[in-house]
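Results of the structural survey
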Amino acid sequence: MISHKNDAALAELAAGLEAWSTQAQWTPARVFTRFLPLKNHERVSPILRSGDASLPITTVVTEAGIRYGLDFGTGYSHGLFLDQRANRAMLKTLRPKRLLNTFAYTCSFSVVAALTGAETLSVDLSRKSLDRGKQNLALNGITAAGHRFINDDALDLLPKLGHRGERFDAIILDPPTFSRGNNGRLWQVEQHFEDLMLAALEVAGPTCAILLSTNCTKLNPTVLERQARGCAKIKRRTTEYTRTAGEVDFPPGHGASTLWMMVR
Ligand SMILES: C[S@@+](CC[C@H](N)C(=O)[O-])C[C@H]1O[C@@H](n2cnc3c(N)ncnc32)[C@H](O)[C@@H]1O
């Protein structure tokens, strides 16, 4: 999938892919291109550039032995965020017992945690994404028991979980930059991430690993850490911070800014 903002970028990326696949002696079965417009309503579905057009638009990929469904026909996101590879690997090593995956999308973090024996709760505003998440669990032979999916606004749900006494030892916070939540409420990560961190700390168990992740370039890991330290102080929790190594295919300034907040 080549994502591009203009024709010049598409030409450069396509030439790069061609040079690399010649060198690696590897021919991709299919190549799709996707135009990234400035405005959401101008988004269009990806276009098949090369390969067999008669193949289904969906496929299954494997990362670290785990299977995920992709759908190249769904417009903006095809189902798996590659810049979260190191964080999925990190979650696997943490082996949580109870994962809260907010803004879960297709639930890749839930699949990873479920495979190491965790109970999971996946929350997303999009029912369709959660359905794809359920399919991802099933693709990996995980049965439904111990895995919950809640179609709700994460900001509304977190306090309810807190009041019910639910506690987690791993929490994923990977919200979009902008969104319209329940009741048309506007979510802007730059303004609201600290509220989300404070709400997450209310459901953090005695020890808890919280992934802080955003595509907003203004919230780099240094800013995220400063905000997280402030929230931990308000909630009187001791914290340490761990950064996963960047991905070679996402050089600095590309991909999500991420940071693990380890609560003790
Ligand atoms: C950046 S994606 C999350 C990616 C996911 N963490 C992963 O690695 O696959 C953002 C998701 O947040 C969901 N979303 C947006 N606003 C929301 C809200 N207020 N509450 C819950 N989910 C929301 C969107 O439907 C979308 O699936």
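Summarised in this report is the structure supplied together with it. Keep in mind it's a predicted model, so treat the numbers as computed, not measured.

Procedures and definitions
Residues numbered from 1 in each chain as written. Predicted model: local features only at pLDDT ≥ 70, side-chain atom pairs only at ≥ 80, totals over all residues. Heavy atoms only, no water. Helix = DSSP H or I, 4+ residues; strand = E, 2+ residues; numbered from the N terminus. Rg over C-alpha atoms; globule rule 2.2 N^0.38 Å. Buried < 20%, exposed > 50% of the residue type's maximum accessible area, 1.4 Å probe, protein only. Areas by Shrake-Rupley, 256 points an atom, 1.4 Å probe, with all protein chains shown as cover. Lys, Arg positive; Asp, Glu negative; His and termini not counted. Charge placed at Lys NZ, Arg CZ, Asp CG, Glu CD. Pairing = 2+ DSSP bridges. Near = heavy atom within 4 Å. Polar contact = N/O pair within 3.5 Å; in protein donor to acceptor, adjacent residues only side chain to side chain. Axes fitted to C-alpha atoms, helices over the stretch in contact; angles between N-to-C directions. Contact = heavy atoms within 4.5 Å. Salt bridge = Lys/Arg side-chain N within 4 Å of Asp/Glu carboxyl O.

Further remarks concern the overall build of the protein chain. Across its full length, the protein chain holds seven helices and 14 strands. Taken against the 2.2 N^0.38 rule, which gives 18 Å for 264 residues, the C-alpha radius of gyration of the protein chain at 19 Å falls within 12% of a compact globule. C-alpha atoms of the protein chain, sized along the principal axes, occupy 55 × 40 × 40 Å. Burial analysis of the protein chain (264 residues in total) assigns 45% to the buried set. Approximately 14100 Å² of the protein chain is accessible, and the part contributed by carbon and sulfur atoms is 53%. Once the 32 positive and 25 negative side-chain charges of the protein chain are each reduced to a mean point, those two points are 5 Å apart.

This part takes up the pairing of strand β13 (residues 239-242). Of the two faces of β13, only the one carrying Thr239 and Tyr241 is buried; Glu240 and Thr242 on the other face are not. Note that β13 and strand β14 (residues 257-263) share four bridges and pair antiparallel. Directly across from Glu240, in β14, lies its bridge partner Met262.

What follows concerns the site of the ligand. In the region of the ligand, 16 residues are neighbours, and Phe103, Asp124, Ala154, Asp174 and Ser179 sit closest. One nitrogen or oxygen atom from the side chain of Asp153 is found 3.1 Å from a nitrogen atom belonging to the ligand. Within the side chain of Asp174, one N or O atom sits 2.8 Å away from a nitrogen atom of the ligand. Out of a free accessible area of 620 Å², the ligand has 90% covered by protein chains.

The residue Gln25 is not glycine, and still its phi comes out positive at about 50°. Following the sequence through the fold, Gln25 ends up in the loop between α1 (7-24) and β2 (30-35). According to the relative accessible area criterion, Gln25 is exposed, its value standing at 74%.

Turning our eyes to something else, we now look at the sheet that holds strand β1 (residues 2-4). Taken in spatial order, the three strands of this open sheet run β1-β2-β3, and their pairing is mixed. Edge positions in the open sheet fall to β1 and β3 (47-51), since each of these has one partner strand only. For this sheet, the mean angle separating the axes of adjacent strands, direction not counted, is 20°. Two elements, β2 and β3, share four bridges in a ladder whose sense is antiparallel. Looking across to β3, one finds that Thr33 is bridged to Ile47. In this fold α1 packs onto β1, β2 and β3, with an angle of close to 155° to the strand it touches most, β1.

Once the charged atoms of two side chains with opposite charge are near each other, the side chains can pair. One pass over the full model with this rule turns up 16 salt bridges. The partner of Asp153 in a salt bridge is Arg185, and the shortest N-O contact between them spans 3.0 Å. Within this pair, whereas Asp153 is found in the loop between β8 (147-151) and α5 (154-163), its partner Arg185 is found in the loop between β10 (178-180) and β11 (186-188), the two being separated by 32 residues in sequence. Note on Asp153: relative accessible area 3%, which makes it buried. According to the relative accessible area criterion, Arg185 is partly exposed, its value standing at 36%. Of the charged contacts, one joins Lys218 and Glu190 as a salt bridge, the two residues approaching to 3.9 Å between their closest N and O atoms. Residue Lys218 is located in the loop between β12 (204-214) and α7 (221-234), and its partner Glu190 is located in helix α6 (residues 189-202); the two are separated by 28 residues in the primary sequence. Beyond isolated ion pairs, a larger network of salt bridges with shared partners links Arg98, Glu119, Arg148, Arg164 and Glu166.

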